[in-house]
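Residue strings, one per chain:
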Number of protein chains: 2
Amino acid sequence: MNKKIFSIFCLGVMGILPCVAQQALWGGSDIVSPELQEDGRVTFRIYAPEARTVEVQGDFLATQLYETPFGKTAGPGRAALHKDENGLWTYTTDSLASELYCYTFRVDGLQVADPNNVFQLRDVATISNYFIIGNGCGDIYKVQNVPHGTLIKEWYDSPTLGGEQRRMTIYLPAGYNKNQDTYPVLYLLHGSGGDENAWSELGRLTQILDNLIAQGKARPMLVVMPNGNVSQSAAPGEASGPMVKPSLTESRRKNGEFERSFPDIVNYVEQHYRVIKEKHGRALAGLSMGGFHTLYISANYPDMFDYIGLFSAANTVEKESEMYQDLEGKLQTLFAGHPKLYWIGIGKEDFLYEKNKALRAMLDANQYPYTYYESEGGHIWKNWRIYLSRFLTELFVK
Amino acid sequence: MNKKIFSIFCLGVMGILPCVAQQALWGGSDIVSPELQEDGRVTFRIYAPEARTVEVQGDFLATQLYETPFGKTAGPGRAALHKDENGLWTYTTDSLASELYCYTFRVDGLQVADPNNVFQLRDVATISNYFIIGNGCGDIYKVQNVPHGTLIKEWYDSPTLGGEQRRMTIYLPAGYNKNQDTYPVLYLLHGSGGDENAWSELGRLTQILDNLIAQGKARPMLVVMPNGNVSQSAAPGEASGPMVKPSLTESRRKNGEFERSFPDIVNYVEQHYRVIKEKHGRALAGLSMGGFHTLYISANYPDMFDYIGLFSAANTVEKESEMYQDLEGKLQTLFAGHPKLYWIGIGKEDFLYEKNKALRAMLDANQYPYTYYESEGGHIWKNWRIYLSRFLTELFVK
């Protein structure tokens, strides 16, 4: 047994846990997983001598259909790892296209994170590992050697929502602290089960915008990412009260209250940051439930935003709020003001595709101009990162 | 099989992975783990029908000695979970004292995070789950319904380190944006294997200081948490270059360069924030390697800080930098300036205990005044959170 394997073996058996070890000096084993090869292949490894089967499940493998209580549902493909005589399991992919990919392991059927990859993303209540294949589309998601913006987690008061403190994420472009310029602002909204951390983590907002600004493809701008769940003042673990598992039920729309309260957010930002306080300096976009919020906020406040983006937008009204009444009349007012961009993006397999088609038919019938982008795939973060990357290049340039 | 178990079963078998599912609408199973009981007992659960043994390993269980290649080493205790007929494993602790606790599961010997607890902490390369038992000492680590400070991730230039962009975390106290006050600043340094995220995540800085300020036990202050690894401009995954597993070797001291460059950080903060630009408004503290940094930075810049804290400080000089020469002479100058607080904290079982004793003996021999706090236990985050909580109450009050 060579030194490396011996070290792996001992640490595996020990299960050293630095955070709680008596002397916290261990950094884990020296297994490398995932290992990104120069040719785009990726090798996964896990030390699990007692396991009978180990699979990797990820979005770089062909989608499979799985039986569920709700019928057949498409999910990420799986591939088997193979075990060597030391209990180390390995699998190497084919060469992968440049992208950000997510995966987990399944050890004897139990879904677990890769213990040798600390890079993780949380989507609602599920934690996955990720890695980025560069030299192509994926480069925009990587931290590059370019000037970096500032990321802020800040609490604002919402008088409309009873004066409660609510948490938001704010991106300031590189250079904001070095000059006295006034900047435009994009307000960027998450979907059901998401929160004020979603776009900066799952959405790679910081990396995408640092890179686009450095390349001259996007204007320097602030991005404000509030928490759009009226029943939740902050992301799980960031608000007072029990630390419960995140769930989709936190996202209830609460009958138009978030939409109605939106000027509180704009007012706070315009009081505390050097930003353009006019329509031509404001953009609003969101994914899924955040696309629904965008549709109704922009329609109810038609003088507020010149750039509007609906990413895989939900648009089913189930509540009675006046915010949701007379959408067609409100859109007539909005488009009479000639917004500079009304951008719609959706995947061909998105379960909201037909509803988006109906929305576009209504816009077409009224000859309202909009930009439409149709991608492959469904209701997934890969698409939302792509929509964001395209949308950002069209902001504040007209 | 009732509906709940059926749902658990299906999701367990499915291994739904929202981030990569075709339609990302699932929030995981409805298993609750950990479940905090009213009486302080905690129940852990994991659905793993194929597993043969499942243990929980955590710092709420009595420390055990484990054989390692480096000799017998103390580590967190383990307890066995028991499986029911549906494949759900369960263990309930005795009533636990109020604290922040860390744990992982071990499934057939494989150390894994609790798949039903999204609250995790990373220490070097190991990810653990955590939970907080309230109604006592642990309350200071919880998010309470008090005014919240702002947390900023910002890049500064370090002329002394070749002008490179480096990342730091800054805490602004609640109210900073609502007045024109000038605030004192604590510079707070991480240990080996840590980075600019360590104190705000593992160290619960934001929660501790929000709570102490709200209780009137700490002065409102800024806290600046730079990256103290000269070989690393930002935390793993936040800098350009390959996303490699964090390791202790990233922390090399680089022969006094971080210490020498420290005024770059102070200058940046004093140019960009409303802070007191005098000794009486500056504090410096750090844990382990950060305690070493604190010892030498404060000794080399004796007019910079009036409040100095060494938490489980390392103090072995292996390099030749002039920053490390003539410590006794430099301390003489430092103490001639009558710093308002020189605070030393260490655990009775810390492997640096003897070295700290030697440092105290040297201070005693010179009749330099200092405050000493000796805790139970060793070189662990639980102690550093306690030291920080005590140290903060003594800052900027004299």
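Residues numbered from 1 in each chain as written. Chains lettered and ligands numbered in written order. Predicted model: local features only at pLDDT ≥ 70, side-chain atom pairs only at ≥ 80, totals over all residues. Heavy atoms only, no water.

Draft legend 1. Layout of the environment of Val269(B). All names here are of chain B. Position of Val 269 relative to the elements: it lies in helix α4 (residues 257–272). Given a relative accessible area of 0%, Val 269 falls into the buried group. Leave out the neighbours within four places in its chain, and Val 269 touches Met 168, Val 185, Tyr 187, Val 224 and Val 275. (Helix = DSSP H or I, 4+ residues; strand = E, 2+ residues; numbered from the N terminus. Buried < 20%, exposed > 50% of the residue type's maximum accessible area, 1.4 Å probe, protein only. Contact = heavy atoms within 4.5 Å.)

Draft legend 2. The packing of helix α5 (residues 289–300) of chain A against helix α6 (residues 327–336) of chain A, seen in detail. All names here are of chain A. Running from N to C, α5 and α6 cross one another at 65°; their axes reach a closest spacing of 8 Å. The interaxial crossing formed by α5 with α6 has left-handed handedness. Contacts between α5 and α6 involve Leu 295, Tyr 296, Ser 298, Ala 299 and Asn 300 from the former and Leu 327, Lys 330, Leu 331 and Leu 334 from the latter. The class makeup of the residues in the contact of α5 with α6 is six nonpolar, two polar and one charged. (Axes fitted to C-alpha atoms, helices over the stretch in contact; angles between N-to-C directions. Left-handed = near helix turned anticlockwise from the far one by under 90°. Nonpolar A, V, L, I, M, F, W, Y, C, P; charged D, E, K, R; others polar.)

Draft legend 3. Region of the structure containing α5(A). Between its first and last C-alpha, α5(A) extends 16 Å over twelve residues, near the 16 Å set by a 1.5 Å rise per residue. Counting buried positions along α5(A) yields twelve of twelve residues, so the element is predominantly enclosed. (Expected span 1.5 Å × (residues − 1).)

Draft legend 4. Up close: the sheet that holds strand β2 (residues 42–47) of chain B. All names here are of chain B. Strand order in this open sheet of four strands is β1-β2-β8-β7, and the pairing throughout is antiparallel. In this open sheet, the two strands that pair with only one neighbour each are β1 (35–36) and β7 (82–83). As paired strands, β1 and β2 are joined by two bridges and run antiparallel to one another. Each bridged residue has a counterpart across the sheet, and for Glu 35 the counterpart in β2 is Thr 43. (Pairing = 2+ DSSP bridges.)

Draft legend 5. Focus on the domain arrangement of chain A. Residues and elements named next belong to chain A. When cut into domains, chain A gives domain 1 (33–134) and domain 2 (150–392). Taking the mean C-alpha position of each, domain 1 and domain 2 sit 32 Å from one another. Counting from both sides, the interface comprises nine residues of domain 1 and, opposite them, 15 residues of domain 2. Roughly 950 Å² of surface becomes buried between domain 1 and domain 2 when both sides are summed, with 60% attributable to carbon and sulfur atoms. (Domains from an automatic or database assignment. Buried area = accessible area lost by both parts, 1.4 Å probe.)

Draft legend 6. A look at the pattern of salt bridges. Residues and elements named next belong to chain A. The full count for this structure, using the stated rule, is 26 salt bridges over all chains. Of the charged contacts in the structure, one is a salt bridge between Glu 35 and Arg 45, with a shortest N-O distance of 2.8 Å. One end of the pair, Glu 35, is in strand β1 (residues 35–36); the other, Arg 45, is in strand β2 (residues 42–47), with ten residues separating them in the sequence. Accessibility expressed as a relative area gives 28% for Glu 35, which makes it partly exposed. As a salt-bridge pair, Arg 52 and Asp 108 come within 3.6 Å of each other at their nearest N and O atoms. Note that Arg 52 is positioned in the loop between β2 and β3 (54–58) and Asp 108 in the loop between β9 (99–107) and β10 (110–112), a separation of 56 residues in sequence. For Arg 52, a relative accessible area of 42% puts it in the partly exposed group. Each of Arg 167, Glu 196 and Glu 238 takes part in one network of salt bridges that share partners. (Salt bridge = Lys/Arg side-chain N within 4 Å of Asp/Glu carboxyl O.)

Draft legend 7. Looking closely at the packing of aromatic side chains. In the structure shown here, the tally under the stated rule is 66 aromatic pairs over all chains. Relative to Tyr183(A), the ring of Tyr176(A) has its centre 5.5 Å away and its plane inclined at 35°; by these criteria the two rings are tilted. Here Tyr176(A) matches Tyr183(A) in class, with each residue buried. Consider the rings of Tyr156(B) and Tyr268(B), whose centres lie 6.2 Å apart with planes at 55°: the pair is tilted. One end of the pair, Tyr156(B), is in strand β13 (residues 150–158); the other, Tyr268(B), is in helix α4, and 112 residues separate them in sequence. In this structure Tyr156(B) comes out as buried when scored by relative accessible area, which is 2%. (Phe/Tyr/Trp six-rings, centres within 6.5 Å; stacked < 30°, edge-to-face > 60°.)

Draft legend 8. Summary view of the environment of Gly75(B). All names here are of chain B. Position of Gly 75 among the secondary structure elements: in strand β5 (residues 71–75). Taking the relative accessible area as the measure of exposure, Gly 75 reaches 4% and is therefore buried. Each C-alpha atom, one on Gly 75 and one on Ala 62, is 9.0 Å from the other, the two residues being 13 residues apart in sequence. Non-local contacts of Gly 75, meaning those with residues more than four positions away in its chain, are made with Thr 63, Gln 64 and Tyr 66.

Draft legend 9. View of empty space enclosed by the protein. Per the stated rule, a full pass over the model turns up eight cavities of 30 Å³ or more. Every residue lining the largest cavity is counted, 50 residues in all, and those nearest its centre are Asn197(A), Glu201(A), Asn197(B), Glu201(B) and Glu238(B). (1 Å grid on protein atoms, 1.4 Å probe; cavity = no way out; pocket = protein on both sides within 12 Å on 5 of 7 lines; lining within 4 Å. Points joined across faces, edges and corners; volume = space filled by probe spheres on them.)

Draft legend 10. Structural context of the packing of α4(B) against helix α5 (residues 289–300) of chain B. All names here are of chain B. Between α4 and α5, the shortest axis-to-axis distance is 9 Å and the interhelical angle comes to 65°. α5 is crossed by α4, and the crossing has right-handed handedness. Here α4 contributes Phe 258, Glu 259 and Phe 262 to the contact with α5, which in turn contributes Phe 292, His 293, Tyr 296 and Ile 297. Partitioning the contact of α4 with α5 into residue classes produces five nonpolar, one polar and one charged.

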